[in-house]
Amino acid sequence: MYDLIIIGLGPAGINACIYAKRSNLNILVFEKNMPGGTLHTIKHVDNYLGYNNVDGTELAMLFYKQFKELKVPMKNEEVIKVELNGNEKIVKTNNGTYKAKAVIIATGRGKQKLGLDNENINGVSTCAVCDGALYKDKTVAIYGNNPLMLEDILYLSNIVKKLYVITSKNKLLGNSELLDKVNKLENIELLFNQTIKKINGKDKIESIELNDKTLAIDGLFINNEYGPITSFVKDLGITNEKGYIIADDNGKTKIDGIYVCGDSKDKTLYQIITAASEGALAATDAYKYIKKLDE
(Lines give C-alpha, C1' and ligand atoms only; values in the text may rest on other atoms or scores of the structure.)
Protein backbone atom coordinates (compact mmCIF):
# COMPACT_ATOMS: atom_id res chain seq x y z
CA MET A 1 0.00 0.00 0.00
CA TYR A 2 1.51 3.30 -1.13
CA ASP A 3 0.57 6.69 0.22
CA LEU A 4 0.44 8.14 -3.27
CA ILE A 5 0.62 6.91 -6.84
CA ILE A 6 1.44 9.49 -9.53
CA ILE A 7 0.55 8.59 -13.12
CA GLY A 8 2.64 10.47 -15.68
CA LEU A 9 6.04 12.14 -15.63
CA GLY A 10 5.62 15.34 -17.55
CA PRO A 11 6.21 18.74 -15.88
CA ALA A 12 3.06 18.34 -13.75
CA GLY A 13 3.88 14.82 -12.58
CA ILE A 14 7.53 15.61 -11.85
CA ASN A 15 6.63 18.67 -9.79
CA ALA A 16 4.01 16.65 -7.93
CA CYS A 17 6.76 14.14 -7.11
CA ILE A 18 9.01 16.89 -5.77
CA TYR A 19 6.35 18.23 -3.42
CA ALA A 20 5.13 14.78 -2.36
CA LYS A 21 8.68 13.65 -1.60
CA ARG A 22 9.28 16.80 0.46
CA SER A 23 6.20 15.81 2.47
CA ASN A 24 7.82 12.40 3.15
CA LEU A 25 5.09 10.41 1.40
CA ASN A 26 5.63 6.84 0.20
CA ILE A 27 5.30 7.32 -3.58
CA LEU A 28 5.18 5.18 -6.71
CA VAL A 29 5.28 6.68 -10.21
CA PHE A 30 4.13 5.24 -13.54
CA GLU A 31 5.33 6.49 -16.94
CA LYS A 32 4.77 4.35 -20.03
CA ASN A 33 6.88 6.47 -22.41
CA MET A 34 9.77 8.91 -22.08
CA PRO A 35 9.67 11.21 -19.02
CA GLY A 36 8.87 14.76 -20.07
CA GLY A 37 5.63 14.09 -21.91
CA THR A 38 4.83 16.36 -24.84
CA LEU A 39 7.92 18.48 -24.14
CA HIS A 40 9.68 16.12 -26.54
CA THR A 41 7.49 17.41 -29.38
CA ILE A 42 8.43 21.07 -28.79
CA LYS A 43 11.47 22.34 -30.66
CA HIS A 44 11.89 25.62 -28.78
CA VAL A 45 10.66 26.75 -25.36
CA ASP A 46 11.09 30.48 -24.74
CA ASN A 47 8.37 31.20 -22.18
CA TYR A 48 9.52 29.18 -19.14
CA LEU A 49 11.18 31.00 -16.25
CA GLY A 50 14.96 30.68 -16.16
CA TYR A 51 15.32 29.31 -19.69
CA ASN A 52 15.64 31.35 -22.87
CA ASN A 53 14.96 29.39 -26.06
CA VAL A 54 15.70 25.89 -24.75
CA ASP A 55 14.97 22.70 -26.72
CA GLY A 56 11.90 20.86 -25.38
CA THR A 57 13.73 17.55 -24.99
CA GLU A 58 16.63 19.27 -23.24
CA LEU A 59 14.22 20.85 -20.75
CA ALA A 60 12.51 17.47 -20.24
CA MET A 61 15.85 15.85 -19.43
CA LEU A 62 16.66 18.59 -16.93
CA PHE A 63 13.33 17.96 -15.23
CA TYR A 64 13.97 14.20 -15.27
CA LYS A 65 17.43 14.64 -13.76
CA GLN A 66 15.86 16.45 -10.82
CA PHE A 67 13.27 13.67 -10.50
CA LYS A 68 15.95 10.95 -10.44
CA GLU A 69 17.71 12.70 -7.58
CA LEU A 70 14.55 12.18 -5.50
CA LYS A 71 15.07 8.39 -5.71
CA VAL A 72 11.32 7.83 -6.11
CA PRO A 73 10.51 4.36 -7.54
CA MET A 74 9.24 4.48 -11.12
CA LYS A 75 7.73 1.74 -13.27
CA ASN A 76 7.57 1.83 -17.07
CA GLU A 77 4.07 0.41 -17.21
CA GLU A 78 0.86 1.61 -18.82
CA VAL A 79 -2.04 2.26 -16.47
CA ILE A 80 -5.17 0.71 -17.95
CA LYS A 81 -7.69 1.24 -15.13
CA VAL A 82 -8.18 2.97 -11.79
CA GLU A 83 -10.80 1.46 -9.46
CA LEU A 84 -12.08 2.20 -5.95
CA ASN A 85 -12.31 -0.10 -2.94
CA GLY A 86 -13.52 2.09 -0.12
CA ASN A 87 -10.74 4.58 0.54
CA GLU A 88 -8.27 2.40 -1.37
CA LYS A 89 -7.38 3.32 -4.93
CA ILE A 90 -6.64 0.28 -7.12
CA VAL A 91 -4.31 1.04 -10.03
CA LYS A 92 -4.15 -1.66 -12.70
CA THR A 93 -1.39 -1.68 -15.31
CA ASN A 94 -0.43 -3.93 -18.18
CA ASN A 95 1.87 -5.75 -15.73
CA GLY A 96 0.23 -5.71 -12.31
CA THR A 97 -2.09 -4.24 -9.69
CA TYR A 98 -1.11 -1.63 -7.09
CA LYS A 99 -2.85 0.05 -4.16
CA ALA A 100 -2.61 3.59 -2.78
CA LYS A 101 -4.42 5.96 -0.48
CA ALA A 102 -4.41 8.67 -3.14
CA VAL A 103 -3.74 9.02 -6.86
CA ILE A 104 -2.56 12.00 -8.89
CA ILE A 105 -3.28 11.80 -12.62
CA ALA A 106 -0.73 13.73 -14.67
CA THR A 107 -0.96 11.94 -18.01
CA GLY A 108 -1.39 15.10 -20.08
CA ARG A 109 -2.48 15.00 -23.70
CA GLY A 110 -1.37 12.69 -26.46
CA LYS A 111 -2.50 10.45 -29.26
CA GLN A 112 -5.96 9.06 -28.62
CA LYS A 113 -6.60 5.34 -28.64
CA LEU A 114 -9.25 3.63 -30.74
CA GLY A 115 -11.42 2.22 -27.95
CA LEU A 116 -11.02 -1.39 -29.13
CA ASP A 117 -10.63 -4.56 -27.11
CA ASN A 118 -7.01 -5.80 -26.90
CA GLU A 119 -5.70 -2.28 -27.37
CA ASN A 120 -3.53 -2.68 -24.26
CA ILE A 121 -1.80 -5.94 -25.21
CA ASN A 122 1.89 -6.10 -26.07
CA GLY A 123 2.67 -4.84 -29.54
CA VAL A 124 0.28 -1.85 -29.54
CA SER A 125 1.90 1.54 -29.05
CA THR A 126 1.21 5.25 -29.52
CA CYS A 127 4.90 6.23 -29.64
CA ALA A 128 6.97 5.21 -32.66
CA VAL A 129 10.12 6.92 -31.36
CA CYS A 130 9.80 5.13 -28.01
CA ASP A 131 9.08 1.62 -29.27
CA GLY A 132 10.07 1.50 -32.95
CA ALA A 133 13.47 -0.09 -32.27
CA LEU A 134 11.71 -3.19 -30.90
CA TYR A 135 10.51 -4.07 -34.40
CA LYS A 136 13.72 -4.23 -36.41
CA ASP A 137 13.14 -6.27 -39.59
CA LYS A 138 9.54 -7.06 -38.60
CA THR A 139 6.14 -6.28 -40.09
CA VAL A 140 4.18 -3.47 -38.45
CA ALA A 141 1.30 -1.12 -39.18
CA ILE A 142 0.70 2.52 -38.38
CA TYR A 143 -2.78 4.02 -38.24
CA GLY A 144 -3.90 7.64 -38.10
CA ASN A 145 -5.19 10.78 -39.77
CA ASN A 146 -2.65 13.13 -38.23
CA PRO A 147 -0.17 15.04 -40.42
CA LEU A 148 2.48 14.35 -37.77
CA MET A 149 2.22 10.68 -38.73
CA LEU A 150 4.48 11.35 -41.73
CA GLU A 151 7.54 11.69 -39.51
CA ASP A 152 6.70 8.42 -37.76
CA ILE A 153 6.33 6.68 -41.14
CA LEU A 154 9.79 7.84 -42.21
CA TYR A 155 11.27 6.82 -38.87
CA LEU A 156 9.72 3.35 -38.83
CA SER A 157 10.53 2.62 -42.48
CA ASN A 158 14.23 2.71 -41.63
CA ILE A 159 13.75 0.04 -38.96
CA VAL A 160 11.07 -2.41 -40.05
CA LYS A 161 10.91 -4.86 -42.94
CA LYS A 162 7.34 -4.00 -43.96
CA LEU A 163 5.14 -1.07 -42.92
CA TYR A 164 1.40 -0.86 -43.57
CA VAL A 165 0.24 2.76 -43.52
CA ILE A 166 -3.49 2.87 -42.74
CA THR A 167 -5.74 5.93 -42.77
CA SER A 168 -9.49 6.45 -42.81
CA LYS A 169 -9.05 9.30 -45.30
CA ASN A 170 -8.52 9.05 -49.07
CA LYS A 171 -5.02 10.52 -48.86
CA LEU A 172 -2.22 11.26 -46.43
CA LEU A 173 -2.19 14.70 -44.89
CA GLY A 174 0.84 16.86 -44.18
CA ASN A 175 3.89 18.68 -45.44
CA SER A 176 4.42 18.23 -49.22
CA GLU A 177 8.17 17.61 -48.80
CA LEU A 178 7.54 14.83 -46.29
CA LEU A 179 4.79 13.40 -48.50
CA ASP A 180 7.25 13.13 -51.39
CA LYS A 181 9.69 11.23 -49.18
CA VAL A 182 6.97 8.87 -47.95
CA ASN A 183 5.75 8.14 -51.47
CA LYS A 184 9.26 7.09 -52.48
CA LEU A 185 9.60 4.48 -49.74
CA GLU A 186 9.76 0.92 -51.05
CA ASN A 187 8.87 -1.04 -47.91
CA ILE A 188 5.50 0.58 -47.18
CA GLU A 189 1.98 -0.22 -48.37
CA LEU A 190 -0.60 2.58 -48.32
CA LEU A 191 -4.14 1.59 -47.34
CA PHE A 192 -6.69 4.42 -47.72
CA ASN A 193 -10.32 4.64 -46.53
CA GLN A 194 -9.74 1.95 -43.94
CA THR A 195 -10.43 1.73 -40.22
CA ILE A 196 -9.27 -0.84 -37.70
CA LYS A 197 -12.26 -2.94 -36.62
CA LYS A 198 -10.52 -5.46 -34.37
CA ILE A 199 -7.14 -6.26 -32.82
CA ASN A 200 -6.39 -9.98 -32.57
CA GLY A 201 -4.00 -11.63 -30.15
CA LYS A 202 -3.81 -13.09 -26.65
CA ASP A 203 -0.54 -12.10 -24.98
CA LYS A 204 0.64 -9.99 -27.93
CA ILE A 205 -0.78 -8.65 -31.16
CA GLU A 206 -1.09 -11.12 -34.01
CA SER A 207 -3.25 -9.36 -36.59
CA ILE A 208 -5.69 -6.53 -37.20
CA GLU A 209 -8.99 -6.58 -39.08
CA LEU A 210 -9.77 -3.68 -41.42
CA ASN A 211 -12.91 -2.92 -43.44
CA ASP A 212 -12.25 -5.64 -45.97
CA LYS A 213 -9.02 -7.46 -45.03
CA THR A 214 -6.96 -8.90 -42.20
CA LEU A 215 -3.26 -8.08 -41.79
CA ALA A 216 -0.80 -10.29 -39.90
CA ILE A 217 1.56 -7.92 -38.05
CA ASP A 218 4.09 -7.88 -35.22
CA GLY A 219 3.26 -4.37 -34.00
CA LEU A 220 0.72 -1.57 -34.35
CA PHE A 221 1.38 2.15 -33.89
CA ILE A 222 -1.64 4.39 -33.37
CA ASN A 223 -1.12 8.01 -34.43
CA ASN A 224 -4.59 9.38 -33.83
CA GLU A 225 -5.73 12.90 -33.03
CA TYR A 226 -4.50 14.51 -29.81
CA GLY A 227 -6.56 14.75 -26.64
CA PRO A 228 -6.45 13.99 -22.91
CA ILE A 229 -5.03 10.59 -21.97
CA THR A 230 -7.72 9.64 -19.47
CA SER A 231 -9.46 6.53 -20.86
CA PHE A 232 -8.33 4.54 -17.81
CA VAL A 233 -10.65 6.60 -15.55
CA LYS A 234 -13.65 6.85 -17.88
CA ASP A 235 -15.74 4.63 -15.56
CA LEU A 236 -15.18 6.91 -12.54
CA GLY A 237 -17.37 9.72 -13.89
CA ILE A 238 -14.78 12.46 -13.39
CA THR A 239 -14.30 13.54 -17.01
CA ASN A 240 -16.24 15.85 -19.31
CA GLU A 241 -17.50 14.90 -22.77
CA LYS A 242 -14.06 15.45 -24.29
CA GLY A 243 -12.27 13.32 -21.73
CA TYR A 244 -10.72 16.12 -19.67
CA ILE A 245 -10.84 15.57 -15.90
CA ILE A 246 -12.95 18.01 -13.91
CA ALA A 247 -11.36 19.27 -10.69
CA ASP A 248 -11.10 22.28 -8.39
CA ASP A 249 -8.21 24.74 -8.22
CA ASN A 250 -6.18 22.28 -6.12
CA GLY A 251 -6.70 19.46 -8.62
CA LYS A 252 -9.18 17.59 -6.41
CA THR A 253 -11.86 15.67 -8.34
CA LYS A 254 -15.28 14.80 -6.95
CA ILE A 255 -13.75 11.54 -5.66
CA ASP A 256 -11.82 11.98 -2.42
CA GLY A 257 -8.17 11.06 -2.92
CA ILE A 258 -8.11 11.35 -6.71
CA TYR A 259 -6.39 14.41 -8.14
CA VAL A 260 -5.39 15.73 -11.55
CA CYS A 261 -2.76 18.17 -12.75
CA GLY A 262 -1.38 19.19 -16.11
CA ASP A 263 -2.93 18.97 -19.55
CA SER A 264 -5.43 16.20 -18.81
CA LYS A 265 -7.28 18.67 -16.55
CA ASP A 266 -10.27 20.69 -17.77
CA LYS A 267 -8.95 24.27 -17.71
CA THR A 268 -8.40 27.39 -19.82
CA LEU A 269 -4.57 27.61 -20.06
CA TYR A 270 -2.30 24.77 -21.17
CA GLN A 271 1.30 25.80 -20.51
CA ILE A 272 4.40 24.18 -18.97
CA ILE A 273 4.46 26.63 -16.10
CA THR A 274 0.78 26.12 -15.20
CA ALA A 275 1.18 22.33 -15.38
CA ALA A 276 4.13 22.47 -12.97
CA SER A 277 2.27 24.69 -10.50
CA GLU A 278 -0.76 22.38 -10.64
CA GLY A 279 1.50 19.46 -9.70
CA ALA A 280 2.57 21.31 -6.55
CA LEU A 281 -1.04 22.13 -5.64
CA ALA A 282 -2.27 18.57 -6.19
CA ALA A 283 0.56 17.02 -4.16
CA THR A 284 0.05 19.46 -1.29
CA ASP A 285 -3.67 18.76 -1.13
CA ALA A 286 -3.08 15.00 -1.46
CA TYR A 287 -0.71 15.16 1.52
CA LYS A 288 -3.43 16.79 3.66
CA TYR A 289 -5.94 14.14 2.56
CA ILE A 290 -3.57 11.25 3.34
CA LYS A 291 -2.70 12.64 6.77
CA LYS A 292 -6.42 12.88 7.62
CA LEU A 293 -6.83 9.20 6.69
CA ASP A 294 -3.94 8.25 8.96
CA GLU A 295 -5.33 10.09 12.00
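Residues numbered from 1 in each chain as written. Predicted model: local features only at pLDDT ≥ 70, side-chain atom pairs only at ≥ 80, totals over all residues. Heavy atoms only, no water.

### Considering the packing of helix 1 (residues 11-22) against helix 2 (residues 56-68)
Threshold: Helix axes are fitted only over the stretch in contact, all axes being lines through C-alpha atoms; the angle between N-to-C directions runs from 0 to 180 degrees. Numbered from the N terminus, helices here are DSSP runs of H or I no shorter than four residues, and strands are runs of E no shorter than two. Roughly parallel refers to an angle under 35 degrees, roughly antiparallel to one over 145, roughly perpendicular to one between 65 and 115, and oblique to any angle outside these ranges. Crossings are classed by handedness, with left-handed meaning an anticlockwise turn of the near helix from the far one by less than a right angle and right-handed meaning a clockwise turn. Here, two residues are considered to be in contact whenever any of their heavy atoms come within 4.5 Å of each other. Here the term charged refers only to Asp, Glu, Lys and Arg, the term nonpolar to Ala, Val, Leu, Ile, Met, Phe, Trp, Tyr, Cys and Pro, and the term polar to all other amino acids, Gly among them.
The geometry of helix 1 relative to helix 2 is characterised by a closest axis approach of 10 Å and an angle of 25 degrees between their N-to-C directions. The pairing of helix 1 with helix 2 is recorded here as roughly parallel in orientation. Our pair here, helix 1 against helix 2, has a crossing hand that is left-handed. Listed contacts from helix 2 to Pro 11, Ile 14, Cys 17 and Ile 18 of helix 1 are Phe 63, Tyr 64, Gln 66 and Phe 67. Of the residues that constitute the contact of helix 1 with helix 2, the class distribution is seven nonpolar, one polar and no charged.

### Comments concerning the pairing of strand 9 (residues 139-144)
For a regular strand, side-chain orientation follows a simple rule: the groups alternate between the two sheet faces. Test applied: Only protein chains enter the area calculation, which uses a 1.4 Å probe; residues under 20% of their type maximum are buried, those over 50% are exposed, and those in between are partly exposed. Classification remark: right-handed applies to a crossover when, strands pointing away from the viewer, the course from the first strand over the helix to the second runs clockwise.
Burial runs high along strand 9: six of the six residues are buried. Here strand 9 shows a buried face lined by Thr 139, Ala 141 and Tyr 143 and a second buried face lined by Val 140, Ile 142 and Gly 144. For the crossover from strand 9 across helix 4 (residues 149-157) to strand 10 (residues 162-166), the handedness is right-handed.

### Here's the deal with the packing of helix 1 against helix 6 (residues 272-294)
Remark: helix 1 packs on helix 6, axes separated minimally by 7 Å, with the N-to-C direction vectors making an angle of 35 degrees. Helix-helix and strand crossings are classified by hand; for helix 1 and helix 6 the assignment is right-handed. Note on element contacts: helix 6 touches helix 1 through Ile 272, Ala 275, Ala 276, Ser 277, Gly 279, Ala 280, Ala 283 and Thr 284, opposite Pro 11, Ala 12, Asn 15, Ala 16, Tyr 19 and Ala 20. Among the residues forming the contact of helix 1 with helix 6, the class breakdown is 10 nonpolar, four polar and no charged.

### Some words on helix 4
With seven of nine residues buried, helix 4 is to be regarded as a mostly interior element. Within helix 4, the full set of buried residues consists of Met 149, Leu 150, Asp 152, Ile 153, Leu 154, Leu 156 and Ser 157.

### A word on the state of the cysteines
Defined simply, a disulfide is a covalent bond joining two cysteines at their sulfur atoms. The criterion, for reference: In what follows, a disulfide is any cysteine sulfur pair within 2.5 Å.
Taken as a whole, this structure holds one disulfide when the rule is applied. The disulfide partner of Cys 127 is Cys 130, and the S-S distance across this bridge is 2.1 Å. In this structure the cystine formed by Cys 127 and Cys 130 twists about its S-S bond by roughly 65 degrees; its chirality is therefore right-handed. Since its relative accessible area comes to 14%, Cys 127 is described here as buried. Free of any disulfide, Cys 17 has its nearest cysteine sulfur in Cys 261, 9.2 Å distant.

### Describing the sheet that holds strand 14 (residues 214-216)
Rules: Any two strands are treated as partners once DSSP identifies two or more bridges connecting them.
Taken in spatial order, the three strands of this open sheet run 12-13-14, and their pairing is antiparallel. Among the strands making up the open sheet, the edge pair consists of strand 12 (198-201) and strand 14. Between one strand axis and the next, the sheet turns by 25 degrees as a mean value, whatever way the strands run.

### What to know about the pattern of salt bridges
Pairing is possible between side chains of opposite charge, provided their charged atoms come close. Which entries qualify depends on this criterion: Note on definitions: salt bridges are taken to be side-chain nitrogens of Lys or Arg within 4 Å of carboxyl oxygens of Asp or Glu.
Under the defined criterion, the tally for this structure stands at 11 salt bridges. Of the charged contacts, one joins Arg 109 and Asp 263 as a salt bridge, the two residues approaching to 4.0 Å between their closest N and O atoms. Of this pair, Arg 109 sits in strand 7 (residues 109-111) while Asp 263 is found in the loop between strand 17 (258-260) and helix 6, placing the two residues 154 residues apart along the sequence. Taking the relative accessible area as the measure of exposure, Arg 109 reaches 29% and is therefore partly exposed. Salt-bridge contacts for Asp 263 lead to Lys 267; the nearest nitrogen and oxygen are separated by 3.7 Å. The burial state of Asp 263 is the same as that of Lys 267; both residues are buried. Among the ionic contacts, a cluster of salt bridges with common partners joins Arg 109, Asp 263, Lys 267 and Glu 278.

### Brief notes about the packing of aromatic side chains
Between two aromatic rings, the relevant description is the distance of the centres plus the angle of the planes. Cut-off, in case you're wondering: Ring geometry is summarised as follows: Phe, Tyr and Trp rings, the Trp one being its six-membered ring, pair when their centres sit within 6.5 Å, and such pairs are stacked at plane angles under 30 degrees, edge-to-face over 60 and tilted between the two. Charge-over-ring contacts are defined here by two conditions on Lys NZ or Arg CZ: a distance within 6 Å of the ring centre and an angle within 35 degrees of the ring normal.
A complete count under the given rule lists six aromatic pairs for this structure. The interplanar angle of 65 degrees and the centroid separation of 5.7 Å between the aromatic rings of Tyr 48 and Phe 63 together place this pair among those described as edge-to-face. On the criterion of sequence distance, the pair formed by Tyr 48 in the loop between strand 2 (27-30) and helix 2 and Phe 63 in helix 2 is long-range, its members being 15 residues apart. Its relative accessible area of 10% is what places Phe 63 among the buried residues. Arranged with centres 6.0 Å apart and planes meeting at 20 degrees, the rings of Tyr 64 and Phe 67 form a pair that is stacked. Of the two residues, Tyr 64 and Phe 67 are both situated in helix 2; the distance of three residues between them amounts to about one turn of the helix. Given a relative accessible area of 2%, Phe 67 falls into the buried group. Members of the aromatic cluster, joined through ring pairs, are Tyr 48, Tyr 51 and Phe 63. Across from the ring centre of Tyr 19, 6.0 Å away, lies the NZ or CZ of Arg 22, which sits over that ring. A cation sits over an aromatic face here: Arg 109 above Tyr 270, 4.1 Å from the ring centre.

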